[in-house]
Every structure is written in C-alpha cells, then in structure tokens.
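# Summary of structural features
Okay, here's what each chain looks like letter by letter:
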Amino acid sequence: MRDFDKKSEWYGADDLWVAKPRLLDHTDEREERYRTKYASITLDAQGRATDRKGAPQVDVERLYRSGSARGSTGGFATADGDRQWWPTVIDFPEPGCWQVTETLGSTEVRFTVNVAAH
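Notes on the structure in this doc start here. None of these values were measured; they are calculated from a predicted model.

As a further point, take the overall build of the protein chain. From N to C terminus, the protein chain includes zero helices and ten strands. Tracing the protein chain from N to C terminus, the helices and strands come up as β-β-β-β-β-β-β-β-β-β. Looking at the protein chain alone, contacts between residues at least 24 apart form 52% of all its contacts between residues at least 6 apart. When the accessible surface of the protein chain is summed, it comes to about 7300 Å², and 44% of that surface belongs to carbon and sulfur atoms.

See below:
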C-alpha cells in the first residue's frame, strides 16, 4: 500500500482490498435508510491498482434473519494523479447486523457491519 493508503484500515486478500467503511449516515431521502461508503481496490500481479479485472461484485445479506441490501460500485476513480479505487456504496433498508461479501474472480472479502438505529 502506498502512503496515502496507510491512513485507512484495509481488509482483503490477493487482488481485492476494501477500506474500513465510514461511519454510517442516515440518508436525507424520503424513506428511512442507512448508507455506508468506502473504497474497494483491485490489484494486478505487481500489486498496483487496476480496472482491468472489472469492478468487484457486492452482495449484502442480513444476519440472524432474512433480508438483503443493495451494494454497488461506481466507476473506477482517480485522484491526486495516481490514487485509484472503486467507490463502493451500500444502502441498508433498516438497522441490523449485515454480512458484506465482495467478490473479484475467485477472491472473496467478507466483513460484518452493525447498523444501529438512530
């Protein structure tokens, strides 16, 4: 990871890494929903960020009872000349404990998000 990447906590393996999601914000949309945003990074064989493998797939399932949430990635972003990532957003329909699975080819990264009610 380059110096700018060391400012965040990262989780991952092989060619797929995700930054620790930011604290959840209550959205300003009409319906009550909760959202988190974070960076996903896909790497080539030399450990450099790349978009050649495409965006990771984001699946979100509720733990302890049925339900799913919508997760998506935006277009491959570039900032500061060489900083590259996939902006990732998850919209949770309600509070609860959620398992997030990102997949890139055969690589999977899983983590749990606890969405607290406001």
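So that's the structure; there's more coming.
Moving on, we come to the environment of Val-89. Summarising the element assignment, Val-89 is placed in strand S8 (residues 83–92). For Val-89, a relative accessible area of 22% gives the class partly exposed. Residues Val-89 and Thr-36 lie 53 residues apart in sequence; the distance between their C-alpha atoms is 5.8 Å. When residues no more than four places from it in sequence are discounted, the contact partners of Val-89 are Arg-35, Thr-36, Lys-37, Arg-70, Gly-71 and Ser-72.

What follows covers the packing of aromatic side chains. What the rule picks out here adds up to three aromatic pairs. Centre to centre, the rings of Tyr-38 and Phe-111 are 5.7 Å apart; their planes meet at 85°, and the pair counts as edge-to-face. Of this pair, Tyr-38 sits in strand S4 (residues 34–42) while Phe-111 is found in strand S10 (residues 107–115), placing the two residues 73 residues apart along the sequence. There is no split in this pair, since Tyr-38 and Phe-111 are both buried. Both rings, one in Phe-76 and one in Trp-86, keep their centres 4.8 Å apart while their planes meet at 55°; by these two values the pair is tilted.

Moving on, we get to the pattern of salt bridges. All chains considered together, the criterion is met by eight salt bridges. Linking Arg-70 and Asp-91 is a salt bridge whose minimum nitrogen-to-oxygen distance equals 2.5 Å. Of this pair, Arg-70 sits in strand S6 (residues 68–73) while Asp-91 sits in strand S8, and the two are 21 residues apart along the sequence. Each of Arg-35, Arg-70 and Asp-91 takes part in a single network of salt bridges with overlapping partners.

Let us now look at unusual backbone geometry. Despite not being glycine, Asp-14 shows a phi value in the positive range, around 50°. Topologically, Asp-14 is positioned in the loop between strand S1 (10–13) and strand S2 (16–19). For Tyr-64, which is not glycine, the phi torsion reads 75° and is therefore positive. With respect to the element layout, Tyr-64 can be found in the loop between strand S5 (57–62) and S6.

This next bit is on the nonpolar core. Most often, soluble globular proteins keep nonpolar side chains buried together rather than apart. Counting residues in hydrophobic clusters, the biggest one holds 16 residues, and the most contacted among them are Tyr-38, Val-60, Ile-90, Phe-92 and Val-100. Contributions of two or more residues to this core are made by S2, S4, S5, S8, strand S9 (96–104) and S10. Among the elements that take part in this core, S10 stands out by supplying four residues, more than any other. Apart from residues lying up to four places away in sequence, Ile-90 is in contact with Tyr-34, Arg-35, Thr-36, Tyr-38, Val-58, Val-60, Ala-69, Arg-70, Gly-71 and Val-100. Counting residues in hydrophobic clusters, the runner-up holds six residues, among them Ala-19, Ala-39, Leu-43 and Ala-49.

What counts and how
Residues numbered from 1 in each chain as written. Predicted model: local features only at pLDDT ≥ 70, side-chain atom pairs only at ≥ 80, totals over all residues. Heavy atoms only, no water. Helix = DSSP H or I, 4+ residues; strand = E, 2+ residues; numbered from the N terminus. Contact = heavy atoms within 4.5 Å. Areas by Shrake-Rupley, 256 points an atom, 1.4 Å probe, with all protein chains shown as cover. Buried < 20%, exposed > 50% of the residue type's maximum accessible area, 1.4 Å probe, protein only. Phe/Tyr/Trp six-rings, centres within 6.5 Å; stacked < 30°, edge-to-face > 60°. Salt bridge = Lys/Arg side-chain N within 4 Å of Asp/Glu carboxyl O. Core = buried A, V, L, I, M, F, W, Y, C linked by side-chain atoms within 4.5 Å.

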